[in-house]
Amino acid sequence: MRLLWIFAAIFILLPPLDAQQVHPVSGRRIAPVMGVGGAPWLVRPEREAEENPTRSLELLNLEPGMMVGDVGAGVGYWSLRIAERIQPGGKVFASDLQPEMLRLLRERMRKSGIANIEPLPATVTDAGLPAGRLDLVILVDVYHEFSEPEKMLASIARSLKPDGRLVLLEYRKEDPDIPIREEHKMSVATVRQELEAAGYRFASVTSDLPWQHLFVFKKPLVQ
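Residues numbered from 1 in each chain as written. Predicted model: local features only at pLDDT ≥ 70, side-chain atom pairs only at ≥ 80, totals over all residues. Heavy atoms only, no water.

A. A look at the overall build of the chain. Along the chain, the regular secondary structure elements total 8 helices and 8 strands. For 223 residues, the compact-globule estimate of 2.2 N^0.38 gives 17 Å, and the chain sits close to it at 16 Å. Judged by the C-alpha coordinates and their principal axes, the chain covers about 40 × 40 × 35 Å. Taking the intrachain contacts of the chain between residues at least 6 apart in sequence as the baseline, contacts between residues at least 24 apart amount to 69%. When the accessible surface of the chain is split by element, carbon and sulfur atoms take 55% of a total near 9700 Å². Averaging the positions of the 27 positive and the 29 negative side-chain charges in the chain gives two centres separated by 3 Å. (Helix = DSSP H or I, 4+ residues; strand = E, 2+ residues; numbered from the N terminus. Rg over C-alpha atoms; globule rule 2.2 N^0.38 Å. Contact = heavy atoms within 4.5 Å. Areas by Shrake-Rupley, 256 points an atom, 1.4 Å probe, with all protein chains shown as cover. Lys, Arg positive; Asp, Glu negative; His and termini not counted. Charge placed at Lys NZ, Arg CZ, Asp CG, Glu CD.)

B. Highlighting the packing of aromatic side chains. Counting across every chain of the model gives 4 aromatic pairs. What links up through ring pairs into an aromatic cluster is the set Phe-202, Phe-215 and Phe-217. In this structure, Arg-47 packs its charged tip against the face of Tyr-77, placed 4.2 Å from the ring centre. One residue, Arg-192, lies across the ring of Phe-202, its end atom 3.9 Å from the ring centre. (Phe/Tyr/Trp six-rings, centres within 6.5 Å; stacked < 30°, edge-to-face > 60°. Lys NZ or Arg CZ within 6 Å of the ring centre and 35° of its normal.)

C. Expanded view of the pattern of salt bridges. Summed over the entire model, instances satisfying the criterion amount to 15 salt bridges. The shortest N-O distance in the salt bridge between Arg-110 and Glu-107 comes to 2.5 Å. Separated by 3 residues within a single helix, Arg-110 and Glu-107 lie in helix H6 (residues 99–112), roughly one turn from each other. The class for Arg-110 is exposed, based on a relative accessible area of 57%. (Salt bridge = Lys/Arg side-chain N within 4 Å of Asp/Glu carboxyl O. Buried < 20%, exposed > 50% of the residue type's maximum accessible area, 1.4 Å probe, protein only.)

D. Seen up close, the confidence of the model for the chain. This prediction gives the chain a mean pLDDT of 92; 91% of its residues lie at or above 70. Within the model, pLDDT remains below 50 along residues 1–20, and this stretch shows 39 contacts once partners closer than five positions in the same chain are excluded. (pLDDT = per-residue confidence, 0-100.)

Quick look at the structure:
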């Protein structure tokens, strides 16, 4: 738990990559981006017990052959797990702002022998994903860090197939006992307010994970 608090503090102290400080729709304070110094926290052994990512993966209803985008993929904690579950024929497009994160992802791919992941560079306004090809895009504890959320959501919408889904995992702001700094938590009401303003259609939310909400949205009908 002490390690968790150390890295949670690091997330807040790091400067944001963009000058925008609040969300234009909700007024939410936008959190700073986690730098590569926080990479060990992403792969901490306690993560399964603290967040139950195995359960979250089950909720994604992954199938062989799916095309999946992992935005803010970091070192590939989720990309590697998703890639295993969508074989044969499936592929993960793992994008991140930070070249060093992508380098660490490639190293983990090499060690694991998992090859159906394509690391991609992103910017603060473009997720860097291929247009119109993806069945699912997932954002794991990253949406709250988007400094240009409206532009990023539009970019993600362009990458989705007509029946594609956007999934967000976010630490529950409604629960004060979750040991994450407030800027890195989000409530159901705020997520829905922001995503629906961007045209996404709310499908469901699961809130019985240890620390997180899991949201599912459908692609906007009009872009």
